[in-house]
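Close look at the chain arrangement
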There are 2 protein chains.
Amino acid sequence: MDLAQIHAAFRRIAPYTHRTPLLTSRLLDEFFGKRLLLKAEHLQKTGSFKARGALSKALTLENPKGLLAVSSGNHAQGVAYAARVLGVRALVVMPEEASPLKKAAARAYGAEVVDRGVTPKNREEVARALVEETGYAFLHPFDDPLVMAGQGTVGLELLAQAGRRGVFPEAVLVPVGGGGLLAGVAAAVKALSPETLVLGVEPEAADDARRSLEAGRIVRLTEVPRTRADGVRTLSLGERPFAVIREKVDGILAVSEEAILEAERLLLTRTKQGVEPTGALPLAAVLEHGAGLPGTLALVLSGGNRDV
Amino acid sequence: MDLAQIHAAFRRIAPYTHRTPLLTSRLLDEFFGKRLLLKAEHLQKTGSFKARGALSKALTLENPKGLLAVSSGNHAQGVAYAARVLGVRALVVMPEEASPLKKAAARAYGAEVVDRGVTPKNREEVARALVEETGYAFLHPFDDPLVMAGQGTVGLELLAQAGRRGVFPEAVLVPVGGGGLLAGVAAAVKALSPETLVLGVEPEAADDARRSLEAGRIVRLTEVPRTRADGVRTLSLGERPFAVIREKVDGILAVSEEAILEAERLLLTRTKQGVEPTGALPLAAVLEHGAGLPGTLALVLSGGNRDV
């Protein structure tokens, strides 16, 4: 993935997405003794960066009949929103046991939820059958270059916003689950500012990305990790994100559940921003690994859709 | 109070305060079937509008030795911040029984907390004795024209911000406790846009402002009201705010505790903004009285300092 692809994604999605603000907080800076730049993707359309990737892909499809996704999280809302932009239907496959709130959130963005008889095990199969039946386009949440390029626009924007303020982020911290956001941001940042470190952050309970980078191959978790960061409960990195991450990312930091909770709390009390646990991962890394990190850090607050 | 005083306050405080954003939310607008403009004072310095009033007053003092306030809430932080701007000390008188978190918050902004032997009953007396002893300047939280003028800058800013977007707020909803914010905003709004309604919002459990307006005189509560909106647990309006409110405010809406809680929740889930109960009062009024309100509303989200 190169910068031209991310620029192209930016041109496609810009009319339908927010340039989310790059927030600063004197209170947080004093607390940490660092200069923090917070890329506020919880204020993105649909409440997370996932709208970028879904739109980036959807806007390249020629007259799709509809969009189809497997997701019980932010990707569902991203795809529902992309379908609305295109004026087509969205089907979202979710396990019957998924929370009624998650189903309601997808429906609120206009998606039709398919859940009857769906289990965490058979959902991919259900989705394949539905694609056959309906002819709708399948949107993968991360293992797709067009989706990764869409997420990479987060990196483009944050460097431009920091630059306009004359601030140079020495490291960018990004949550990592399937790896689409981390790969996209790393591709953008390393193309524009090669000396800036790009670091992934994941929960200790789901440290497959760190182990994958060490092993030089994708390490899969054997069961769904128990972490409050529900946006990164993936079993492994996608192949395409891993190829980019392996080449461009400088390291992966794992954080405890306590640090995630404390980071959420700090964001709410000091900046009044309601960020979901996954979105608080980068600040959790500053809490636990701050001593080893440079003084000026950009943190990607990836989303704000807390499961209430 | 006239517009010139509010303009003067704006010129004094502008270098030390944020022009807080006027937020909009498609989700909230769809939910309510209205157009809402959210004046984000929870993102103000110190986390509430109180910094405006404290600075407005403090910046007119000639070489004060220090500042002194009686407050266990946002006014304490406002005064502490104003003292920091002036480079003088701040003393804040708080009951011994006030929450350790509130004391810590005031100290975090650099205030010295005086609480030994202080009770809710004797705190004014303690403060008077301290003013005698120290020669520090006493800053009232609302019953002061310079403080009211400072709070009025919220109204100036929100009309200018709405105007730049070509939006005309038909009504402005403002939390009311002691009345400094409501009086200041009403003075600004009625001077610049007389046809815009200005409405105060208070909890049903603390509906003294509504009763005062009806009675044509200040009605005092007999005990501290039980409401989650801790920013408006005052016993009555101040005399100076009441004189302005009586002349300029179109009405007072009272809201239930359930509506306040639901409004906080809506702000967090739909806009990702962490607003304190008092700051959610205007949205609570839209929940409970929306049918009787015009279509384009400006809501003053007065603060974000939740007692955790």
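Residues numbered from 1 in each chain as written. Chains lettered and ligands numbered in written order. Predicted model: local features only at pLDDT ≥ 70, side-chain atom pairs only at ≥ 80, totals over all residues. Heavy atoms only, no water.

Examining the environment of Glu247(A)
All names here are of chain A.
- Of note, Glu 247 is situated in helix α10 (residues 239–248).
- What makes Glu 247 exposed here is its relative accessible area of 63%.
- Taking the C-alpha atoms as reference, Glu 247 lies 9.8 Å from Leu 213; in sequence the two are 34 residues apart. (Helix = DSSP H or I, 4+ residues; strand = E, 2+ residues; numbered from the N terminus. Buried < 20%, exposed > 50% of the residue type's maximum accessible area, 1.4 Å probe, protein only.)

A short note on the relation of the copies chain B and chain A
- With an RMSD of 0.0 Å, chain B superimposes on chain A once it is rotated by 180° and translated 0.0 Å along the axis. Here the transformation between the copies is reduced to the relation of a two-fold axis. Within chain B, Gln273(B) has its C-alpha nearest the rotation axis, a separation of 2.6 Å.
- The overlap is high: 100% of the interface residues of chain B also sit at the interface in chain A, so the same surface is used on both sides. (Least-squares fit on C-alpha atoms with pLDDT ≥ 70 in both. Contact = heavy atoms within 4.5 Å.)

What about the sheet that holds strand β2 (residues 35–40) of chain A?
Residue and element names in this part refer to chain A.
- Here 6 strands make up an open sheet; going across it, the order is β1-β2-β10-β7-β8-β9 and the pairing mixed. This sheet does not close on itself; its edge strands, each paired only once, are β1 (22–23) and β9 (251–255).
- Summarising the sheet, strand β8 (residues 197–203) and β9 pair through 5 bridges and their orientation is parallel. For Glu 202, the partnering residue across the bridge sits in β9 and is Ala 254.
- Across the sheet, helix α12 (residues 281–289) touches β2, β7 (171–175), β8, β9 and β10 (296–301), and the angle it forms with β9 is around 85°. (Pairing = 2+ DSSP bridges. Axes fitted to C-alpha atoms, helices over the stretch in contact; angles between N-to-C directions.)

Points about the packing of aromatic side chains
All names here are of chain A.
- Taken as a whole and assessed by the stated rule, the structure comprises 2 aromatic pairs over all chains.
- Ring geometry for Phe 31 versus Phe 32: centroids 5.0 Å apart, planes at 75°, classification edge-to-face.
- Its relative accessible area of 41% is what places Phe 31 among the partly exposed residues. (Phe/Tyr/Trp six-rings, centres within 6.5 Å; stacked < 30°, edge-to-face > 60°.)

Notes on the interface of chain B and chain A
- Listed by partner, the interface residues are 18 residues for chain B and 18 residues for chain A.
- Taking both partners together, chain B and chain A bury about 1,300 Å²; carbon and sulfur atoms supply 50% of that area.
- Applying the counting rule to chain B against chain A returns 0 salt bridges.
- Put simply, the parts of the chain that give the side of chain B that touches chain A at least two residues each are α2 (26–32) and α11 (257–271) of chain B.
- Its residues assigned to classes, the side of chain B that touches chain A comprises 5 nonpolar, 8 polar and 5 charged. (Buried area = accessible area lost by both parts, 1.4 Å probe. Salt bridge = Lys/Arg side-chain N within 4 Å of Asp/Glu carboxyl O. Nonpolar A, V, L, I, M, F, W, Y, C, P; charged D, E, K, R; others polar.)

Quick look at the sheet that holds strand β9 (residues 251–255) of chain B
Residues and elements named next belong to chain B.
- Reading across the sheet, the 6 strands line up as β1-β2-β10-β7-β8-β9 and stay open at both edges, with mixed pairing between neighbours. Either end of the sheet is taken by a strand with one partner, and the two such strands are β1 (22–23) and β9.
- On the sheet, helix α9 (residues 208–215) packs against β8 (197–203) and β9 and is oriented at approximately 145° with respect to β9.

Some remarks on the domain arrangement of chain A
Residues and elements named next belong to chain A.
- Domain annotation of chain A identifies domain 1 (3–48 + 144–301) and domain 2 (51–138).
- Using C-alpha coordinates to define each centre, domain 1 is positioned 24 Å away from domain 2.
- With 24 residues of domain 1 at the interface, the matching set in domain 2 holds 15 residues.
- Both sides together, the interface formed by domain 1 and domain 2 hides about 1,600 Å², and carbon and sulfur atoms give 55% of it.
- Per-residue buried area on domain 1 facing domain 2 is highest for Arg 12, Tyr 16 and Thr 46; these three make up 38% of the total on that side.
- Applying the counting criterion to the domain 1 and domain 2 interface returns 4 salt bridges.
- The closest approach of N and O atoms between Arg 52 and Glu 41, which form a salt bridge, is 2.6 Å.
- Taken together, the links from domain 1 to domain 2 amount to 11 residue pairs in polar contact (both at pLDDT 80 or more). (Domains from an automatic or database assignment. Polar contact = N/O pair within 3.5 Å; in protein donor to acceptor, adjacent residues only side chain to side chain.)

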